[in-house]
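# Understanding the architecture of this molecule
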Amino acid sequence: MAVRAVVTAPGHHRRRQPLPHHHREQLEHYQQFNRDHARLRAPGERAFAQLKSWRVLRRARSSTRRIGTIVQAVHTLLTCNYSG
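Residues numbered from 1 in each chain as written. Predicted model: local features only at pLDDT ≥ 70, side-chain atom pairs only at ≥ 80, totals over all residues. Heavy atoms only, no water.

## Quick look at the overall build of the protein chain
Scanning the protein chain for helices and strands turns up three helices and zero strands. Among the 84 residues that make up the protein chain, the fraction classed as buried is 10%. Summarising the internal contacts of the protein chain: among those between residues at least 6 apart in sequence, 38% fall at separations of at least 24. With an accessible surface of roughly 8100 Å², the protein chain has 55% of that area assigned to carbon and sulfur atoms. (Helix = DSSP H or I, 4+ residues; strand = E, 2+ residues; numbered from the N terminus. Buried < 20%, exposed > 50% of the residue type's maximum accessible area, 1.4 Å probe, protein only. Contact = heavy atoms within 4.5 Å. Areas by Shrake-Rupley, 256 points an atom, 1.4 Å probe, with all protein chains shown as cover.)

## Some details on the pattern of salt bridges
Enumeration over the complete set of coordinates arrives at three salt bridges. A salt bridge links Glu28 to Arg35; the shortest N-O distance between them is 3.0 Å. In this structure Arg35 comes out as partly exposed when scored by relative accessible area, which is 37%. Between Arg41 and Glu45 there is a salt bridge, with its nearest N and O atoms 2.4 Å apart. (Salt bridge = Lys/Arg side-chain N within 4 Å of Asp/Glu carboxyl O.)

## Concerning the confidence of the model for the protein chain
Across the protein chain, the average pLDDT comes to 76, with 74% of residues at or above 70. Across the protein chain, helix α1 (residues 28–52) holds the top mean pLDDT of 88, while helix α2 (residues 55–58) sits lowest at 74. (pLDDT = per-residue confidence, 0-100.)

## Structural notes on the side chain of His75
Residue placement: His75 occurs in helix α3 (residues 64–83). Residue class for His75 comes out buried when judged on its relative accessible area of 18%. Aside from chain neighbours lying at most four places away, what touches His75 is Gly44, Ala47, Phe48 and Leu51.

## Regarding α1
Along an α-helix, residues three or four positions apart point the same way, because every turn accommodates 3.6 residues. Taking 1.5 Å of rise per residue, the 25 residues of α1 would be expected to cover 36 Å, and the 35 Å separating its terminal C-alpha atoms lies within 8% of that figure. The principal kink in α1, of about 35°, is found at Arg41, preceding the proline Pro43 by one to four residues. All buried positions along α1 are accounted for by Pro43, Gly44, Ala47 and Leu51. (Expected span 1.5 Å × (residues − 1). Bend = angle between axes of the 7 residues up to and from the residue.)

## Some points on the environment of Cys80
Following the sequence through the fold, Cys80 ends up in helix α3. Taking relative accessible area as the criterion, Cys80 reaches 49% and is therefore assigned partly exposed. For the pair Cys80 and Ala47, spaced 33 residues apart in sequence, the C-alpha separation works out to 9.7 Å.

Here you go:
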């Protein structure tokens, strides 16, 4: 969100106000598409975020093909776990 800069005298504090948004509302079918797309993407995003935090994958000393296969398998398991 863009914030409007405010110049004040020294010692005086003023809250910053967000800039007004000059955009139109999206049509309902675009909003529905965005909701559906976000719903489909969310489990994969969460799984990759969790994989990035695993130290064992950062320190792995095996071929990149093997690590890729391991990551794909773990990602599939995590995604299945999230989607129920």
